[in-house]
There are 2 protein chains.
Amino acid sequence: MTKKKEIHGIKHIKKPSNSKRKKGVERLKVIPLGGLEEVGRNMMIYEYKRKILIVDVGFGFPGENNPGIDYVIPNTKYLEKRKKDIVGVLFTHGHLDHVGAFPYVLKKIYRKGLKIAASPVTKKIILGRQEEFRDQPKIKIREVKDGSKLKAGPFKVEFFKQNHNIPGNLGMFIETPIGNIVTTSDFKFDKNPLNDEPTDFKKLKKIGKKGVHLLCCDSTGAEEEGHSLSEREIKKNLKKIIKKAKGRVIVSTFSSLLNRIQQVINISKQLNRKVCVQGYSMRTKLDFAKNLGYIQAKKNRFINAKQAQELPDDQVTILCTGTQGESNAALSRIASGRDRNIKFKEKDTVILSSSVVPGNETLVQALKDKILKQGVKVYHYEMMDIHASGHGKQEELKKFIKLMNPKFFMPIHGQISMLYANAELAKEAGVKEKNIIVAENGNIINIGKNQYGIAKKKVPADSVLVDGLGVGDVGKIVLRDRHSLAEDGMFVLIITVDKKTGKIIKSPDIISRGFVYLKESKDLLRDTRQKARKIVREIMDNGGNINWNNVKSEIRKRIGQSLYSRTKRRPMVLPVIIEV
Amino acid sequence: MTKKKEIHGIKHIKKPSNSKRKKGVERLKVIPLGGLEEVGRNMMIYEYKRKILIVDVGFGFPGENNPGIDYVIPNTKYLEKRKKDIVGVLFTHGHLDHVGAFPYVLKKIYRKGLKIAASPVTKKIILGRQEEFRDQPKIKIREVKDGSKLKAGPFKVEFFKQNHNIPGNLGMFIETPIGNIVTTSDFKFDKNPLNDEPTDFKKLKKIGKKGVHLLCCDSTGAEEEGHSLSEREIKKNLKKIIKKAKGRVIVSTFSSLLNRIQQVINISKQLNRKVCVQGYSMRTKLDFAKNLGYIQAKKNRFINAKQAQELPDDQVTILCTGTQGESNAALSRIASGRDRNIKFKEKDTVILSSSVVPGNETLVQALKDKILKQGVKVYHYEMMDIHASGHGKQEELKKFIKLMNPKFFMPIHGQISMLYANAELAKEAGVKEKNIIVAENGNIINIGKNQYGIAKKKVPADSVLVDGLGVGDVGKIVLRDRHSLAEDGMFVLIITVDKKTGKIIKSPDIISRGFVYLKESKDLLRDTRQKARKIVREIMDNGGNINWNNVKSEIRKRIGQSLYSRTKRRPMVLPVIIEV
């Protein structure tokens, strides 16, 4: 096993302080925001003399801690009050963790004439999403590419291309009166990429030579040793597997990995296989990319599922999503026999050309098991190099930091442990320990010409949860209830009483779900009904006016205890008093 | 990255068939059972001429798919009808995935005089658990060790020791009239173990020489290249880290890894550190092992939390559980500041001496992030060799299979993809493809002298879920409800009507949890109440007798749709009609 870097909390990380700003001393404010606390920093705010520049507006995918939540978007309270100060919103690339929250955020920060810029492909992705949302302001997006320049308030921006796994991926060199900032996109070095130009080290060197005051650098690969693989290496391995396959080949990958998809199409062409694209998201993304010219393929390369059935198996490649074991994706549907058109055959070969997104490990294992049980070959990235991360690993990051040679270094994107790992790399690359800034979402970092400080006050940065049409309305209580309901279900006890006498009119009704199998728990239900009546009677016998809230809390407590002692489960007990 | 083996469905895996048994031809039945379908085969049934021998009675831990479930135990319906035929229950070792289901299963299969055997430490663990359960039959367990022999019906068993990470770990050589069976415990090879004797290859060779008809072999490490690490290697690395540490060292590991715990105590002694044991499960397991003599340490080696505060930090080792990020374990309590006695200091060093159990990846990442944010060093097994698996990897498994040189090979323990990987290893080790048996829980494998078959009929093998006091009472419906409640919560609508007229007496009551924040959804609630009244009125206007079940299903459908269109969420809608 290759070993990761020694990671540890860097001792010199500054504590937030209240140190007063000296009069006349100008500072650059940097505020990282992000969807999730743990993997945020994919919405960066740069502020100089009250003018604000935003880079990326990404969202996060909810983990197990957020049941039922669709997305987690950055908190923009700070920006909402400062609409008029925002001089521009710039995007590095079109992946959802960098553009996904834009439709939610735009409504809140929009003002006429807001400057927005992105590469052509990123622009199309953003505008495509705008159409899916209601009540969006009409926006114009300025197209930028490698070498484009743009002025936004006090910020002079020059874009430079970086390799990733989506076209139109741009880093930014930003001149400010305090010094120059370089902020990276997700990036890796690739001397030999496919459908893309190799990394231009000369150009990077030139940028570094201009003097970099602050480098904000992608951290996603910072825990992994060595170099990332070139996409050309991946192609070689994919071809080897597909050549060997005696039956159909089912290649599953992310629909956003346009370069990988192009490879699969090219290999299929070389090996005389037609490509059958399955699943909604793969089909729409592919159409979209073909229309823009980002995927090059003749129409007759593609066939539908019916045509695939008529061709010999060794002339068919099936391209689909579902590498993460998502139950609705094409691959899961095929694996569980739910797909109408495609069923596995014994000579099939499945290639999972992706890594496993943290949190999906069990789902992916289950998917592999399900496929293997059908006698089908499975290749995944832990067995062979059939997936390359889009993120540079330790050696690439160190090289990049050395090229930039920044005075201040701030790791961005990725989990907190990745930030600390990237901080270590910066140290090794020659950045002074005291100039390395590991910040949390919402921290205000004041950068001067020679030093920096973290303000004690944060801007609001707690995650905003998106659930269906609701944005930010699912709070801690709703989530806590969902967790609790998931554990032991719920138990509603409806007690109907006479409004005047307070006497119970009929036997209490019980509605329970997720707790026990009701048909087999008749005794438990009968005893619980009796217990509820007894509790109400006892309280009534104490005389005086009945406080129904007390009755409810007494029922909740005692019925809860009684159910626990009989079942060792704690369903959510919800007493309801109906007065008629 | 080291690459795993090419894994694929082996083409020759036999399909179950109904082939009739030739008269007079004797066969050995093998039936694997287990807690979870995906990681089962940790309760094996060997049956000859209707006599049944059971090896291990393990349980599984529920995954995300089983919310609220405590354990998953094997289905024993087949055995319950065959009590009198069971000639023995033998145990390989004391880990819960091999003995955990015994208290649940014993009640169902017990008969007087049932022969039970285990090594002394396994016996203590089993009897300790028996005491925690009510209504357990009084049992005697025969102590066995390396070289012990035992006869149970037609089965002649000889135990042989295997290295793992718990003492008293035994494989079995079982003579039957059909041929000899070798069934392994969890095992690895260790030429240089701690607190244990090295693997005795001569003895293994001798066993192989006797002729092995069927080998049932642990598969847990089958997907990993190379050899497992020796515990001595781990000790060297642990010592290096602890020696370097300038402050306290917090070592977190599983409480069941008795050998690892002994190492930490030994290193602490050598480096003049006292050991402060934190957390209930670590303390009880340690006391238990000390009493049995499996942990060697003087009383004065240990200190309590208060004494730890008084000692210089570089003389303190804190030993605790919590490597999996479990919120109630000591390490999580310390990391989140909830521990009364121990708070992190900047010079602390945390060592996570364990692997990450699949499914816990996000929890562990969150734990690491939380610790790093406090400026504390963190070492984990991906950075340095500070944990060794108790399971042999590919080279060890191949060597073992070669030593046994079996005619038939059946991979057991572990996920399905591990079974297939182990099958590949057997092929490489010289077992004929047609004699490799990959079976599912419940399959009946009939092994003859020269061939085998899998019966079309399975024995009942669906998982039995344990939730609190309920065993097997939580079924698919309850689980489905829990999932659904976790997604979007629930919405109970109580409609009170006049028994005679069917007219609604009062405004419908709504109880909702996990759906929306009720205080901010007054419009939604008001509109829903109106809609419910309207639905009831419409049905009543149609005249005739009112079928309240129809009313309920109509409300469920239409209110569900209306809530979805307004919120894009689908709470569980539960209409209740109260007739008074």
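Residues numbered from 1 in each chain as written. Chains lettered and ligands numbered in written order. Predicted model: local features only at pLDDT ≥ 70, side-chain atom pairs only at ≥ 80, totals over all residues. Heavy atoms only, no water.

S.K.: So, the overall build of chain A: which residues are in play, and what are the values?
M.R.: From N to C terminus, chain A includes 16 helices and 27 strands. Taking the principal axes of its C-alpha atoms as reference, chain A extends roughly 90 × 80 × 50 Å. Residue burial in chain A is summarised as follows: out of 580 residues, 58% are buried. If you take every contact in chain A between residues at least 6 apart in sequence, the share linking residues at least 24 apart comes to 73%. Here chain A has roughly 25,000 Å² of accessible surface; of this, 48% comes from carbon and sulfur atoms. (Helix = DSSP H or I, 4+ residues; strand = E, 2+ residues; numbered from the N terminus. Buried < 20%, exposed > 50% of the residue type's maximum accessible area, 1.4 Å probe, protein only. Contact = heavy atoms within 4.5 Å. Areas by Shrake-Rupley, 256 points an atom, 1.4 Å probe, with all protein chains shown as cover.)

S.K.: Help me get a handle on the pattern of salt bridges, residues and values and all.
M.R.: Residue and element names in this part refer to chain B. Inspection of every chain in the model, using the stated rule, returns 65 salt bridges over all chains. Residue Asp-85 pairs with Arg-82 through a salt bridge whose shortest N-O separation is 2.7 Å. A single burial state applies to Asp-85 and to Arg-82, both of which are buried. Between Lys-306 and Glu-310 there is a salt bridge whose closest N-O contact spans 3.8 Å. (Salt bridge = Lys/Arg side-chain N within 4 Å of Asp/Glu carboxyl O.)

S.K.: Quick rundown of the nonpolar core? Include the residues and the values.
M.R.: For soluble globular proteins, the rule of thumb is that nonpolar side chains tend to be buried together. Counting residues in each nonpolar core, the largest one holds 50 residues, and the members touching the most others are A:Val182, A:Leu204, A:Leu215, A:Phe400, A:Met404 and B:Phe344. The leading source of residues in this core is helix α13 (residues 416-428) of chain A, at seven residues. Look past the residues within four positions of B:Phe344 in its chain and what remains in contact with it is B:Arg248, B:Ile250, B:Leu331, B:Ile334, B:Ala335, B:Val350, B:Ile371, B:Gln374 and B:Val376. Counting 49 residues, the second-largest nonpolar core is a separate cluster that includes A:Leu352, B:Phe173, B:Leu215 and B:Ile401. (Core = buried A, V, L, I, M, F, W, Y, C linked by side-chain atoms within 4.5 Å.)

S.K.: Outline the pairing of strand β9 (residues 149-152) of chain A, listing residues and values.
M.R.: Residues and elements named next belong to chain A. Burial of β9 is one-sided: the residues Leu-150 and Ala-152 facing one way are buried, the residues Lys-149 and Lys-151 facing the other way are not. The pairing of β9 with strand β10 (residues 155-161) spans four bridges and is antiparallel. What sits directly across from Leu-150, in β10, is Val-157. Between β9 and β10, which pair antiparallel in sequence order, lie two residues; one of them, Gly-153, sits at a positive phi of approximately 55 degrees. (Pairing = 2+ DSSP bridges.)

S.K.: Can you lay out the packing of aromatic side chains for me, pointing to particular residues and giving the numbers?
M.R.: Applying the stated criterion to the full structure yields 20 aromatic pairs over all chains. Measuring from ring centre to ring centre gives 5.1 Å for A:Phe91 and A:Phe102, while their planes differ by 85 degrees; the resulting arrangement is edge-to-face. One end of the pair, A:Phe91, is in the loop between β6 (86-90) and α2 (96-99); the other, A:Phe102, is in helix α3 (residues 102-109), and 11 residues separate them in sequence. Overall, the relative accessible area of 0% leaves A:Phe91 in the buried class. On the accessibility criterion, A:Phe102 (1% relative accessible area) is buried. Where B:Phe187 meets B:Phe189, the ring centres are 6.0 Å apart and the plane angle is 55 degrees; that geometry is what we call tilted. On the accessibility criterion, B:Phe187 (1% relative accessible area) is buried. Residue classification places B:Phe189 among the buried residues on the basis of a relative accessible area of 10%. Through a chain of ring-to-ring contacts, the aromatic side chains of A:Phe59, A:Tyr71, A:Tyr104 and A:Phe133 assemble into a single cluster. (Phe/Tyr/Trp six-rings, centres within 6.5 Å; stacked < 30°, edge-to-face > 60°.)

S.K.: Before we move on, can you summarise the sheet that holds strand β23 (residues 464-467) of chain B with the specific residues and values?
M.R.: Residues and elements named next belong to chain B. Spatially, three strands are ordered β5-β23-β24 in an open sheet, and the strand pairing comes out antiparallel. Two strands close off the open sheet at either side, each with one partner strand: β5 (71-73) and β24 (470-471). Alignment of β5 against β23, held across three bridges, turns out to be antiparallel. What sits directly across from Val-72, in β23, is Leu-465.

S.K.: Tell me about the side chain of A:Thr567, residues and numbers included.
M.R.: Looking at the secondary structure, you find A:Thr567 in helix α16 (residues 548-567). What makes A:Thr567 buried here is its relative accessible area of 8%. Looking at A:Thr567, its side chain comes within polar contact range of the main-chain nitrogen of A:Arg569, at 3.1 Å. Those residues in contact with A:Thr567, other than ones at most four positions away along the chain, are A:Phe515, A:Leu524, B:Asp467, B:Gly468, B:Leu469 and B:Gly470. (Polar contact = N/O pair within 3.5 Å; in protein donor to acceptor, adjacent residues only side chain to side chain.)

S.K.: How would you explain helix α15 (residues 522-541) of chain A if you had to name every residue and give the values?
M.R.: Residues and elements named next belong to chain A. Look at α15: 29 Å from first C-alpha to last across 20 residues, which is about the 28 Å you get at 1.5 Å a residue. Looking only at α15, the buried set comprises Leu-524, Leu-525, Thr-528, Ala-532, Ile-535 and Val-536. One side of α15 holds all its buried residues, which, seen down the axis, span an arc of 105 degrees. More than 90 degrees from the buried face of α15, the exposed residues found are Lys-522 and Asp-541. Buried residues belonging to α15 abut β25 (490-497), β26 (509-513) and α16. (Expected span 1.5 Å × (residues − 1). Arc of directions from axis to C-beta.)

S.K.: Report on the interface of chain A and chain B, specifying residues and quantitative values.
M.R.: With 80 residues of chain A at the contact, the number on the chain B side is 79 residues. Carbon and sulfur atoms supply 58% of the area buried between chain A and chain B, which totals about 7,100 Å² over both sides. Remark: the boundary between chain A and chain B carries four salt bridges. Along the contact surface separating chain A from chain B lie 13 residue pairs in polar contact (both at pLDDT 80 or more). Here the side of chain A that touches chain B takes eight residues from helix α14 (residues 476-488) of chain A, the largest share from any one element. Grouping the constituent residues of the side of chain A that touches chain B by class yields 31 nonpolar, 18 polar and 31 charged. (Buried area = accessible area lost by both parts, 1.4 Å probe. Nonpolar A, V, L, I, M, F, W, Y, C, P; charged D, E, K, R; others polar.)

S.K.: Can you break down the sheet that holds strand β4 (residues 51-55) of chain B residue by residue, with the values?
M.R.: Residues and elements named next belong to chain B. Pairing is mixed in the open sheet, where eight strands are placed in the order β8-β7-β6-β4-β3-β2-β21-β22. For this open sheet the edge positions go to β8 (142-143) and β22 (452-454), each flanked by a neighbour on one side alone. Bridge count for strand β3 (residues 43-48) against β4 is five bridges, and the pairing is antiparallel. Residue pairing for β4: Tyr-48 is matched across the bridge by Lys-51. In the packing of helix α3 (residues 102-109) onto the sheet, contacts are made with β3, β4, β6 (86-90) and β7 (116-118), and the angle to β6 comes to roughly 170 degrees. This element, helix α4 (residues 120-132), spans β7 and β8 of the sheet and lies at about 120 degrees to β7. (Axes fitted to C-alpha atoms, helices over the stretch in contact; angles between N-to-C directions.)

S.K.: Break down the relation of the copies chain A and chain B for me, citing the residues and quoting the values.
M.R.: Aligned on chain B, chain A shows an RMSD of 0.2 Å; the corresponding rotation is 180 degrees and the shift along the axis is 0.1 Å. Taken together, the turn and the small shift mark the pair as related by a two-fold rotation axis. Of the C-alpha atoms belonging to chain A, the one lying closest to the rotation axis is found on A:Ala486, 2.5 Å away. Counting the interface residues of chain A, we find that 99% of their copies in chain B are interface residues as well, pointing to one common contact surface. (Least-squares fit on C-alpha atoms with pLDDT ≥ 70 in both.)

S.K.: Break down a positive patch on the surface for me, with residues and values.
M.R.: A cluster of basic side chains, namely A:Lys107, A:Lys108, A:Arg134, B:Lys568 and B:Arg570, defines a positive patch on the protein surface. The residue A:Lys108 is located in helix α3 in this model. We classify A:Lys108 as partly exposed; its relative accessible area is 33%. (Patch = residues over 30% accessible without salt bridge, like charges linked within 9 Å, V, L, I, M, F, W, Y side chains within 5 Å. Lys, Arg positive; Asp, Glu negative; His and termini not counted. Charge placed at Lys NZ, Arg CZ, Asp CG, Glu CD.)

S.K.: Provide a residue-level description of helix α4 (residues 120-132) of chain A, including the pertinent values.
M.R.: Residue and element names in this part refer to chain A. End to end, α4 covers 19 Å across 13 residues, agreeing with the expected 18 Å (1.5 Å per residue, within 8%). Where α4 is concerned, the buried positions are Val-121, Thr-122, Lys-123, Ile-125, Ile-126, Arg-129 and Gln-130. Those residues of α4 hidden inside the fold are in contact with α2, α3, β7 (116-118), β8 (142-143) and α8 (280-291).

S.K.: Could you give me a rundown of the packing of α13(A) against helix α11 (residues 361-372) of chain B, with the residues and numbers involved?
M.R.: Interhelical geometry of α13(A) versus α11(B) gives an angle of 50 degrees and a closest axis separation of 8 Å. Considering their axes alone, α13(A) and α11(B) lie oblique with respect to each other. Each of A:Ile416, A:Ser417 and A:Tyr420 in α13(A) lies in contact with α11(B), whose residues at this interface are B:Gln365, B:Asp369 and B:Leu372. A per-class count over the contact of α13(A) with α11(B) returns three nonpolar, two polar and one charged. (Parallel < 35°, antiparallel > 145°, perpendicular 65-115°, else oblique.)

S.K.: Got a sec to walk through unusual backbone geometry? Specific residues and values, please.
M.R.: The phi angle at A:Asp56 is positive, at roughly 70 degrees, despite the residue not being glycine. Summarising the element assignment, A:Asp56 is placed in the loop between β4 (51-55) and β5 (71-73). Positive phi, normally seen in glycine, also occurs at B:Asn405, with a value near 45 degrees. Mapped onto the fold, B:Asn405 is located in the loop between α12 (394-404) and β20 (408-412). Relative accessible area serves as the criterion here: at 57%, B:Asn405 is assigned to the exposed category.

S.K.: Describe the state of the cysteines, with residues and values.
M.R.: The term disulfide refers to a covalent linkage connecting the sulfur atoms of a pair of cysteines. All names here are of chain A. For the coordinates displayed, the defined rule picks out zero disulfides over all chains. Left unpaired, Cys-320 is separated from the closest cysteine sulfur, that of Cys-276, by 9.2 Å. Classification of Cys-320 as buried rests on a relative accessible area of 0%. (Disulfide = S-S within 2.5 Å.)

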